[in-house]
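# Understanding the architecture of this molecule
Here's the letter readout for the chains.
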Amino acid sequence: MESSVVDIQQLSYRYERSLVLDDVNLTIRPGSFLGLVGPNGSGKSTLIKCILGLLKPKDGSVRLFDTDVGDFTNWEKIGYVSQKANRFNAGFPATVFEVVSMGLFGQIGLFRFPKKKHRTYVYEALDIVGMKDFARQPIGRLSGGQQQRIFIARALVSQPQLLILDEPTVGVDANAAQHFYDLLARLNNEHGLTLLLVSHDVGTLTRYVSDVACLNQHLHFHGSKEAFAKNPDLSALYGHDVQHIVHEHGEVAP
Ligand SMILES: Nc1ncnc2c1ncn2[C@@H]1O[C@H](COP(=O)(O)OP(=O)(O)OP(=O)(O)O)[C@@H](O)[C@H]1O
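I will try to describe carefully the structure that is included in this document. Everything numeric here is computed off the predicted structure, so don't read it as measured data.

## Focus: the overall build of the protein
- Across its full length, the protein holds 10 helices and 10 strands.
- Residues counted as buried form 37% of the 254 residues belonging to the protein.

Structural data, given as C-alpha cells:
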C-alpha cells in the first residue's frame, strides 16, 4: 500500500501577483478522513485544483499515490464532487442511471453503450448511497439532497480510493446534510475510502473527520481533530462550537 494518498511539500501558488498558497505541506494518509477548513478566499479550492492537476504550481510538489501529479495517469483512483455540482432542473432529459454512468466514460468511451459489468458498477454505486430504487427516475425530479447522493454515486462508480468533496452540502437542508455526512462516515469506515472534505461547517465536520487541516494562505494547523479541539486559538478562528461538539461526543478526554 502507498505510504500516502496525497503528499504536498512546500507548495506555493499565485494568481498573477497575489500569493494564495504559501509553503503548504500536507499529507493525507490512506484510510483517513480529512476535513479542510478555512475562511472565504483562503485558498481551499485552489489547493484542491493543485491536487487534481488542474493548476500547475511553480513552487513545491504534489504527489498522488507516490507519483508526481505531472506523471499521474490513474485518475480513476480519485473521485471528485465539486461545489458547483449543479442541480439538474425538473426537465433534464437523463435518468439517474445515465447520470451515474457518466462516471464511467473513461472506461466505456463516449457514445458507447455500457456493458453488463458497467451496469453492475452503476447499481453497486447506487446501492452504496441508498438510491438503487431510483435508477430509472429522471434526475431532475429528485430533491437536492437526493441529487447530491447521485453525484457521490457518479464519483464512486469508477471505484476510486480517494474521494474529494468541495462544499458538498451547500444548498442542502440540515436533515439531508446530516444523512450525507453519515454516508461519508460509512464510506470511510466500512469501505476504507480515503476522504478529503472541504467545508465551512466546522462544527458538523469535526464530528465525522479523523483529521483537520486549517488553511488561510498558510496551513495553520494539520493534525487530529482532538488536537484541533484542544487548540483554543484555532477553535475560535474556525468555529466556536468545535470544542463543545467534540466533547459532547466523548471523543476527547476532559
Ligand atoms: N482564477 C483566478 N484568478 C485570480 N484570482 C483567483 C482565481 N481563483 C481564485 N482567485 C483568488 O484566490 C483566492 C483564493 O480563492 P479560492 O477559491 O481558492 O478560496 P476558497 O478558500 O476556496 O474560497 P471559498 O471558501 O470562498 O470558496 C481568492 O482571493 C480568490 O479571489
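## Focus on the nonpolar core
- In this structure, Val100, Ala125, Ile150, Ala153 and Leu197 are the most contacted members of the largest nonpolar core, which totals 66 residues.
- Top element by residues in this core is helix α5 (residues 144–156). It accounts for 6 residues.
- When residues no more than four places from it in sequence are discounted, the contact partners of Ala153 are Val100, Ala125, Leu126, Val129 and Met131.

## Re the sheet that holds strand β1 (residues 6–15)
- Reading across from one edge, β2-β1-β4-β5 is the order of the 4 strands in this open sheet, with antiparallel pairing throughout. Here the strands that pair on one side only, and so sit at the sheet edges, are β2 (18–28) and β5 (67–68).

## Considering the packing of α5 against helix α6 (residues 174–191)
- Their axes nearest at 9 Å, the elements α5 and α6 cross at an angle of 20 degrees. The orientation of α5 with respect to α6, classified from their angle, is roughly parallel. Between α5 and α6 lies a crossing of right-handed hand. Across from Gly144, Gly145, Gln148 and Ile152 in α5, the residues of α6 making contact are Ala176, His179, Phe180 and Leu183.
- A class-by-class count of the residues in the contact of α5 with α6 yields 4 nonpolar, 4 polar and no charged.

## So, helix α1 (residues 44–51)
- For α1, the buried fraction is high: 6 of the 8 residues fall into the buried class.
- Gly53 sits one or two positions beyond α1 and adopts a positive phi of about 75 degrees.

## Describing the site of the ligand
- Within the structure, the ligand sits among Tyr15, Val20, Gly38, Asn40, Gly41, Ser42, Gly43, Lys44, Ser45 and Thr46.
- Here the shell around the ligand takes 3 residues from α1, the largest share from any one element.
- Looking at side-chain class alone, the shell around the ligand contains 2 nonpolar, 7 polar and 1 charged residues.

## Here we look at the pairing of β2
- Two elements, β1 and β2, share 7 bridges in a ladder whose sense is antiparallel. Each residue of the ladder has a partner; that of Asp7, found in β2, is Thr27.
- Counted along the chain from β1 to the antiparallel partner β2, the turn is 2 residues long, and its residue Glu16 has a positive phi close to 45 degrees.

## Topic: the sheet that holds strand β7 (residues 162–166)
- Within the open sheet, the 6 strands sit side by side as β6-β7-β8-β3-β9-β10. Their pairing is mixed. Two strands close off the open sheet at either side, each with one partner strand: β6 (78–81) and β10 (218–224). Across this sheet, the average inter-strand angle for adjacent strands is 15 degrees, counted without regard to direction.
- Contacts from α1 reach β3 (33–37), β7, β8 (194–198) and β9 (211–216), with the element oriented near 150 degrees to β7.
- The strands touched by α6 within the sheet are β3, β7 and β8, with β8 carrying the most contacts at an inclination of about 155 degrees.

## Digging into helix α4 (residues 116–128)
- Compared with an ideal rise of 1.5 Å per residue, which puts 13 residues at 18 Å, α4 spans 19 Å between its outermost C-alpha atoms and is within 8% of the ideal.
- Close packing links the buried residues of α4 with α2 (96–101) and α5.
- Phi turns positive one or two residues past the end of α4, at Gly130, with a value near 75 degrees.

Calculation criteria
- Residues numbered from 1 in each chain as written.
- Predicted model: local features only at pLDDT ≥ 70, side-chain atom pairs only at ≥ 80, totals over all residues.
- Helix = DSSP H or I, 4+ residues; strand = E, 2+ residues; numbered from the N terminus.
- Buried ≥ 20, exposed ≤ 12 C-beta atoms within 10 Å, placed from the backbone.
- Core = buried A, V, L, I, M, F, W, Y, C linked by C-beta atoms within 7 Å.
- Contact = placed C-beta atoms within 7 Å.
- Pairing = 2+ DSSP bridges.
- Axes fitted to C-alpha atoms, helices over the stretch in contact; angles between N-to-C directions.
- Parallel < 35°, antiparallel > 145°, perpendicular 65-115°, else oblique.
- Left-handed = near helix turned anticlockwise from the far one by under 90°.
- Nonpolar A, V, L, I, M, F, W, Y, C, P; charged D, E, K, R; others polar.
- Near = placed C-beta within 6 Å.
- Expected span 1.5 Å × (residues − 1).

Spatial relationships are all this shows, so hold off on functional conclusions.
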